[in-house]
Structures are given as structure tokens and as C-alpha cells.
Amino acid sequence: MLATVAALTTPTAAYAAPAQAAEPGKTVERPLRAALKALHVKEEDRTGYQRTAFKHWVDADKDGCSTRAEVLLDEAVTAPERGAKCKLSGGRWYSEYDDQYVHGPSGLDIDHRIPLAEAWDSGAKGWTAAERREYANDLGDSRALIAVTAKSNRSKADQDPATWMPPADGNRCEYVSQWIAIKTRWKLAIDPSEEAALAENATRCPNVPVKVQLAR
């Protein structure tokens, strides 16, 4: 099972130091709007981006299942059959972005909550290859990767919340919270238009605490 770092439902009396000043493995917790304000704001730069800079769908624990298969196994509503070399068949999943159930793994994509290109723009350009690999295969926080319909994932592509939000209205507050959580986890910046969109949506959402274990 994937490790889950969940948002708590009760506020804390004191908040942790800003994520930018904390070390990997440290847990930080803030209300949603405070977590947004703690993110560094700067213009994005996609110069030099190539998807191959993020090696993904590796088998990090050498159990025969790639990151993609691990996410599918963890998020299945009805467990699929697991064959040779972790080939999955059957099963049933719920796609939060568009409020749909999907039968069989072939109709699903594994979405990076923060797209690889967006991560590059927001700070990953300066990371090592090992750090980008860890980011692209992040099983340490269940909010980082999610199984969704191929249609919704490809509609999103590499967009941030300024230009794309889940078509299912009921998922939007969760999406905003999880976007902020993963940006915090990996110390990724946000650009001004992204900040404005997140802030506008956050005002319509419960100001729940967001708890994150820092990855870097």
C-alpha cells in the first residue's frame, strides 16, 4: 500500500516553520490558505524542459511492479488480477477528476498531480537527475500520483489551476488542497497567475489544515 500523508481535520495551535527552511522528512502543517501563502511566488521558466529528464514508472522496490502498477493496485475500488510481470487485468477504479468509474486499467492514466513540465518550471530544472526520478515516482504521498481517466488527464496535460480545474465540481477543493500540498512537499514555486487562481478557489473551500512530509 502507498504511504498516505493525509490532511487533518482539526487545526493546530501552532504552525510549523516555512517549508522552504525545513529539511527533508520534516512534517509541516498549516491551514489551507496559510499553506498557499507560504509558497514562493516567481515567474516560471520552461527553458530546456524535456519529459525524459524525469525517469518515471520505475520499479523502485524491485517487486516486479512499476510505479504505474503500484498506483493502480493501491487505488483500485475492485482489485484487478495480477499476472506475470505485474500485468493487471480486470478491476475497477474511480476517477475523481470527472466523477467516473472505469473498468479495467487500459482506460486509465496515472496523473502527476503537479505535471512534470510544471515541476520543471517551478524549480525542478535545478534538481539532480535522481531528485527528478524520485519526484516522478513519488509513492511517499498518495496525493502526488492519481489514477484518472485518460480523457481527463490529457485534457489537463501540463496546465496549472490558472487554466485547468477538474470538471467535477465536487473535486475542486480537494484538488486545490492537494496541489498546494505537493508544491509544499517538493518546495516548488507558484507563478502569479497560479497563485491568483489557487487563492480564488481557496476562498470557496474549507480552510482545513494541510499536513505534508517534506521530500526535499
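The structure reproduced in this document is the subject of the present report. (Residues numbered from 1 in each chain as written. Predicted model: local features only at pLDDT ≥ 70, side-chain atom pairs only at ≥ 80, totals over all residues. Heavy atoms only, no water.)

Overview of the overall build of the protein
What the protein contains, in helices and strands, is 7 helices and 8 strands. The 216 residues of the protein split such that 46% are buried. (Helix = DSSP H or I, 4+ residues; strand = E, 2+ residues; numbered from the N terminus. Buried < 20%, exposed > 50% of the residue type's maximum accessible area, 1.4 Å probe, protein only.)

What to know about the state of the cysteines
One pass over the structure, following the stated rule, counts 2 disulfides. Two residues share a disulfide in this structure: C65 and C86, whose sulfurs sit 2.0 Å from each other. The disulfide joining C65 to C86 has a torsion of about 85° about its S-S bond and is therefore right-handed. Of this pair, C65 sits in the loop between α1 (32-37) and α2 (67-75) while C86 is found in the loop between β2 (81-82) and β3 (88-89), placing the two residues 21 residues apart along the sequence. The burial state of C65 is the same as that of C86; both residues are buried. Through a disulfide, C173 is tied to C205; the S-S separation comes to 2.1 Å. (Disulfide = S-S within 2.5 Å.)

As for the pairing of strand β4 (residues 92-95)
Alternating positions in β4 separate cleanly, W93 and S95 being buried on one face and R92 and Y94 remaining unburied on the opposite face. Direction of pairing for β4 relative to strand β5 (residues 100-103): antiparallel, over a ladder of 4 bridges. Counterpart to R92 in the pairing with β5 is H103. (Pairing = 2+ DSSP bridges.)

Regarding empty space enclosed by the protein
Using the criterion set out here, one finds 2 cavities of 30 Å³ or more in the structure. In this structure, the second largest cavity occupies an estimated 40 Å³ of space. Every residue along the wall of the second largest cavity is listed here: V28, E29, R30, A35, T184, V210 and V212. Those elements that provide at least two residues to the lining of the second largest cavity are β1 (27-31) and β8 (209-213). No other element matches β1, which puts 3 residues into the lining of the second largest cavity. Here the lining of the second largest cavity is built from residues that sort into 4 nonpolar, 1 polar and 2 charged. (1 Å grid on protein atoms, 1.4 Å probe; cavity = no way out; pocket = protein on both sides within 12 Å on 5 of 7 lines; lining within 4 Å. Points joined across faces, edges and corners; volume = space filled by probe spheres on them. Nonpolar A, V, L, I, M, F, W, Y, C, P; charged D, E, K, R; others polar.)

Observations concerning the pattern of salt bridges
Under the counting rule described, the total for this entry stands at 12 salt bridges. Between E118 and K183 there is a salt bridge, with the nearest N and O atoms lying 2.7 Å from each other. Within this pair, whereas E118 is found in helix α3 (residues 116-121), its partner K183 is found in helix α6 (residues 172-185), the two being separated by 65 residues in sequence. Both residues of the pair, E118 and K183, count as buried. In this structure, E131 and R216 form a salt bridge, with 3.5 Å as the shortest nitrogen-oxygen distance. Linking E131 in helix α4 (residues 129-136) with R216 in the segment after β8, this pair joins segments that are 85 residues apart in sequence. A relative accessible area of 23% places R216 in the partly exposed class. (Salt bridge = Lys/Arg side-chain N within 4 Å of Asp/Glu carboxyl O.)

Comments concerning the packing of α6 against helix α7 (residues 192-202)
Running from N to C, α6 and α7 point in directions that differ by 135°, and their axes come no closer than 10 Å. What the angle tells us is that α6 and α7 run oblique. Considering only the axes of α6 and α7, their crossing is left-handed. Seen from α6, the contacting residues are V176, W179, I180 and K183; seen from α7, they are E194, L198 and N201. Residue classes in the contact of α6 with α7 are distributed as 4 nonpolar, 1 polar and 2 charged. (Axes fitted to C-alpha atoms, helices over the stretch in contact; angles between N-to-C directions. Parallel < 35°, antiparallel > 145°, perpendicular 65-115°, else oblique. Left-handed = near helix turned anticlockwise from the far one by under 90°. Contact = heavy atoms within 4.5 Å.)

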